[in-house]
Amino acid sequence: MSSVNCYCGSGKLFVNCCQSYINGIEKAPTAEALMRSRYSAYVVQNADYLWVTTAPKERRHHSKSAMLEWSRSNQWIRLEVLNTTETTVEFKAYYIDNNLEGQIHHEKSNFIKQGDSWFYVDGEY
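Per an unreviewed UniProt entry, the recorded name for the chain is Preprotein translocase subunit SecA, and the organism is Flavobacterium beibuense F44-8.

Enquirer: What is the right way to read unusual backbone geometry from this model?
Expert: Glycine aside, negative phi is the norm for most residues, and most peptide bonds take the trans geometry. Its identity is not glycine, yet glutamine 45 carries a phi of approximately 60 degrees, on the positive side. With respect to the helices, strands and loops of the structure, glutamine 45 is situated in the loop between α2 (31-43) and α3 (47-52). For glutamine 45, a relative accessible area of 37% translates into the label partly exposed. Look at leucine 100: it is not a glycine, yet its phi comes out positive at around 60 degrees.

Enquirer: Would you mind showing me how to read α2 here?
Expert: Given 3.6 residues to a turn, an α-helix orients residues that are three or four positions apart in the same direction. When the terminal C-alpha atoms of α2 are compared, their 19 Å separation across 13 residues agrees well with the 18 Å that a helix rising 1.5 Å per residue should span. The element α2 is extensively covered by neighbouring structure, given that 11 of its 13 residues are classed as buried. Burial in α2 covers these residues: Ala31, Ala33, Leu34, Met35, Arg36, Ser37, Arg38, Tyr39, Ser40, Ala41 and Tyr42. Among the residues trailing α2, glutamine 45 stands out with phi positive, at a value near 60 degrees.

Calculation criteria
- Residues numbered from 1 in each chain as written.
- Predicted model: local features only at pLDDT ≥ 70, side-chain atom pairs only at ≥ 80, totals over all residues.
- Heavy atoms only, no water.
- Helix = DSSP H or I, 4+ residues; strand = E, 2+ residues; numbered from the N terminus.
- Buried < 20%, exposed > 50% of the residue type's maximum accessible area, 1.4 Å probe, protein only.
- Expected span 1.5 Å × (residues − 1).

Structure representation (structure tokens):
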């Protein structure tokens, strides 16, 4: 995977971009970086990262097994970031579902910083 372009669309290599966040080597420095790394985590099917980067108070609304299932049941095509603020990211994630139909997940995600870590809170679809 060292020569693979990052799935988040940054133009960097995966190893020099989201991989270090997903592997816990570095923390995402911004809400946008966290959102991009979470998209990449769906692509590489890393539900553990998705779980730990969900705000602790929101985890009861999510299931690690459901996150893994959704990541596995779709073929992720690309990410398009539409707008960002310090605590929100609006994006479109393009994918092919398990019925082989093209889909677009359009979301405005909310993030919170606790200490030196960013967390996904929720989103408007």
